[in-house]
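So you can see what is in the structure, the chains are spelled out below.
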Protein chains: 2
Amino acid sequence: MKKVDILKKLRSSGLRPTKQRVEIAKFLFERDKTFHFTVESLENHLTKKSTCKFALATIYNTVHAFKKAGHLSEVDVRGKKTYFDTNITNHHHFYDSETSELIDIDESEVVIQKIPKAPNGKKIKNVEVFINLKN
Amino acid sequence: MKKVDILKKLRSSGLRPTKQRVEIAKFLFERDKTFHFTVESLENHLTKKSTCKFALATIYNTVHAFKKAGHLSEVDVRGKKTYFDTNITNHHHFYDSETSELIDIDESEVVIQKIPKAPNGKKIKNVEVFINLKN
DNA sequence: TTCTAGTTTATAATAATTCTAAAGTAAAAA
DNA sequence: TTTTTACTTTAGAATTATTATAAACTAGAA
Ligand SMILES: [Mn+2]
Ligand SMILES: [Mn+2]
Ligand SMILES: [Zn+2]
Ligand SMILES: [Zn+2]
């Protein structure tokens, strides 16, 4: 990925490429592998590795804007903090509750043979598998 | 279930059967089907249907004590509130994010054919399946 | 360059949960 | 039965993650 893609990604999401958004987008999307993060971990990185300042509200705003634009997804894990995911494909997770570590599992690595049908007038949106780990 | 069981359940968990704990335990466990609740929904019920008073901290304390004793489990769902479950068996869930409704799926209703092996020195504790619903 | 809508920022507000320490109570000890 | 003890409840304060506010700032259109 190049800076041009970042700008395109922002523009196509209706987001002006401000200094802060470009910095955040570069950190989140200019890499080979997807990853999981919290607003706190993102802030830690930004304040350490970036010259410009980031109000916490800006980080929240930007992350939510990316999520709304479909560039980020959210993962439900126990605990107070919200986890975001730069992997926006349908996939599953290993979860180590002791370290709060999330590891992606590609959709193809899980095969489900039998599943109940959705209740009443409802439909299945997607199926998520969490594999909880211990040591 | 009778009141005796409630008292036994409390005692065996190292919990003195106080007025508050007995009331909460009766509401949670004296029924045929398991269910899901939040501290808020539990408080609403208690203040409506019980004569004695419940400090919010007592409800939190009691619910956590029951969880620690293994009488309750916790379910991870998106959102700020913690959901508890009187079903303490391994099982799966339908989840309707629009209504925040959780519906149990018995373990036998889901059959998984293929699953990746746990990373490095870790072991699989359990596998949870979430089926997200839409209308 | 000027204008405007969108953006960042510091700070306040909110919401769920946990902490505190004083007052109350179940059950053991006397 | 009374006393004693440790456990419990309670109101309110504190904490934590997140969202709201409204003033100052800025990208991009005009
Ligand atoms: Mn959110
Ligand atoms: Mn908890
Ligand atoms: Zn992921
Ligand atoms: Zn359940």
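Before reading further, recall that the structure is shown in the block above.
Not measured: the values here are computed from a predicted model. (Residues numbered from 1 in each chain as written. Chains lettered and ligands numbered in written order. Predicted model: local features only at pLDDT ≥ 70, side-chain atom pairs only at ≥ 80, totals over all residues. Heavy atoms only, no water.)

Q: I tried to follow the protein's contact with DNA strand C on my own but got confused; where do I start?
A: The local shell around DNA strand C holds 21 residues, among which A:Thr18, A:Arg21, B:Arg11, B:Tyr60 and B:Thr82 are the closest. A breakdown of the atoms of DNA strand C within 4 Å of the protein gives sugar and phosphate a share of 77%. Between A:Lys53 and DNA strand C, the recorded distance is 2.8 Å, taken from a backbone N or O atom to a phosphate oxygen. A:Thr58 places a side-chain nitrogen or oxygen 3.0 Å from a phosphate oxygen of DNA strand C. Elements that contribute at least two residues to the surface near DNA strand C include exactly α2 (19–29) and α4 (56–68) of chain A together with α4 (56–68) of chain B. The biggest single contributor to the surface near DNA strand C is α4(B), with four residues. Class assignment of the residues belonging to the surface near DNA strand C gives a composition of eight nonpolar, six polar and seven charged. (Near = heavy atom within 4 Å. Polar contact = N/O pair within 3.5 Å; in protein donor to acceptor, adjacent residues only side chain to side chain. Helix = DSSP H or I, 4+ residues; strand = E, 2+ residues; numbered from the N terminus. Nonpolar A, V, L, I, M, F, W, Y, C, P; charged D, E, K, R; others polar.)

Q: Please clarify how the protein's contact with DNA strand D should be interpreted in this entry.
A: Lining the immediate surroundings of DNA strand D are 22 residues, of which A:Arg11, A:Tyr60, A:Thr82, B:Thr18 and B:Arg21 lie closest. Each atom of DNA strand D within 4 Å of the protein belongs either to a base or to sugar and phosphate, the latter forming 76%. Broken down by element, the residue count for the surface near DNA strand D peaks at four residues, all from α4(A). By residue class, the composition of the surface near DNA strand D is eight nonpolar, seven polar and seven charged.

Q: Explain the side chain of B:His93 to me, please; I cannot follow it from the model alone.
A: All names here are of chain B. Take His93: it is sitting in strand β4 (residues 91–96). A relative accessible area of 2% means that His93 is categorised as buried. Only 3.0 Å separates the side chain of His93 from the side chain of His91, close enough to count as a polar contact. Beyond its immediate chain neighbours, meaning those up to four positions away, His93 contacts His36, Val75, Asp85, Leu102, Ile103, Asp104, Ile105, Val129, Phe130 and Ile131. (Buried < 20%, exposed > 50% of the residue type's maximum accessible area, 1.4 Å probe, protein only. Contact = heavy atoms within 4.5 Å.)

Q: Would you take a moment to explain unusual backbone geometry for this structure?
A: The phi angle of most residues is negative, glycine excepted, and most peptide bonds adopt the trans form. For A:Ser100, which is not a glycine, the phi torsion comes out positive at approximately 60°. Along the chain, A:Ser100 falls in the loop between β4 (91–96) and β5 (101–106).

Q: Would you mind going over the relation of the copies chain A and chain B with me for this structure?
A: Superposition of the two copies of the chain requires a rotation about an axis together with a shift along that axis. At an RMSD of 0.1 Å, chain A and chain B line up after a rotation of 179° and a shift of 0.0 Å along the axis. The relationship between the two copies is best expressed as a two-fold rotation axis. Residue by residue, 100% of the interface of chain A is reproduced at the interface of chain B, so both copies engage with the same surface. (Least-squares fit on C-alpha atoms with pLDDT ≥ 70 in both.)

Q: Before we go on, may I ask you to explain the packing of helix α3 (residues 39–49) of chain B against α4(B) in this structure?
A: Two packed helices can be described by the angle between their axes and the distance between those axes. All names here are of chain B. Two elements in contact, α3 and α4, have axes separated by 10 Å at closest approach and are oriented at 120°. Taken together, the axis directions place α3 and α4 in an arrangement best described as oblique. Considering only the axes of α3 and α4, their crossing is right-handed. Here Val39, Leu42, Glu43 and Leu46 of α3 lie close against α4, whose contacting residues are Leu56, Ile59, Tyr60 and Val63. (Axes fitted to C-alpha atoms, helices over the stretch in contact; angles between N-to-C directions. Parallel < 35°, antiparallel > 145°, perpendicular 65-115°, else oblique. Left-handed = near helix turned anticlockwise from the far one by under 90°.)

Q: Even after reading the chapter, I still don't get the interface of chain A and chain B, so can you show me in this structure?
A: The accessible area lost on association of the parts is a frequent measure of interface size. Counting residues at the interface gives 39 residues for chain A, matched by 39 residues for chain B. Surface buried jointly by chain A and chain B totals about 3500 Å² across both partners, of which 55% is contributed by carbon and sulfur atoms. Our count for the chain A to chain B interface comes out at six salt bridges. We note a salt bridge from B:Arg78 to A:Asp76, for which the minimum N-O separation is 3.3 Å. Here chain A is connected to chain B by 22 residue pairs in polar contact (both at pLDDT 80 or more). Contributing elements (two or more residues each) for the side of chain A that touches chain B: β2 (73–75), β4, β5, β6 (111–114) and β7 (123–134) of chain A. Examining the composition of the side of chain A that touches chain B, we find that 12 residues originate from one element, β7(A), more than from any other. (Buried area = accessible area lost by both parts, 1.4 Å probe. Salt bridge = Lys/Arg side-chain N within 4 Å of Asp/Glu carboxyl O.)

Q: Got a minute to help me understand the sheet that holds strand β7 (residues 123–134) of chain B in this structure?
A: Whenever strands of a sheet pair, they do so through backbone hydrogen bonds, lying parallel or antiparallel. Spatial strand order, β5(A)-β4(A)-β7(A)-β7(B)-β4(B)-β5(B): six strands in an open sheet with mixed pairing. Strands at the two margins of the open sheet, each flanked by one partner only, are β5 of chain A together with β5 (101–106) of chain B. Across the sheet, the mean angle from the axis of one strand to that of its neighbour is 25°, orientation sign disregarded. Relative to β5(B), β4(B) runs antiparallel, the two being bridged by six bridges. Its bridge partner lying in β5(B), B:Phe94 is registered against B:Ile103. (Pairing = 2+ DSSP bridges.)

By themselves, these observations are geometric and do not establish any function.
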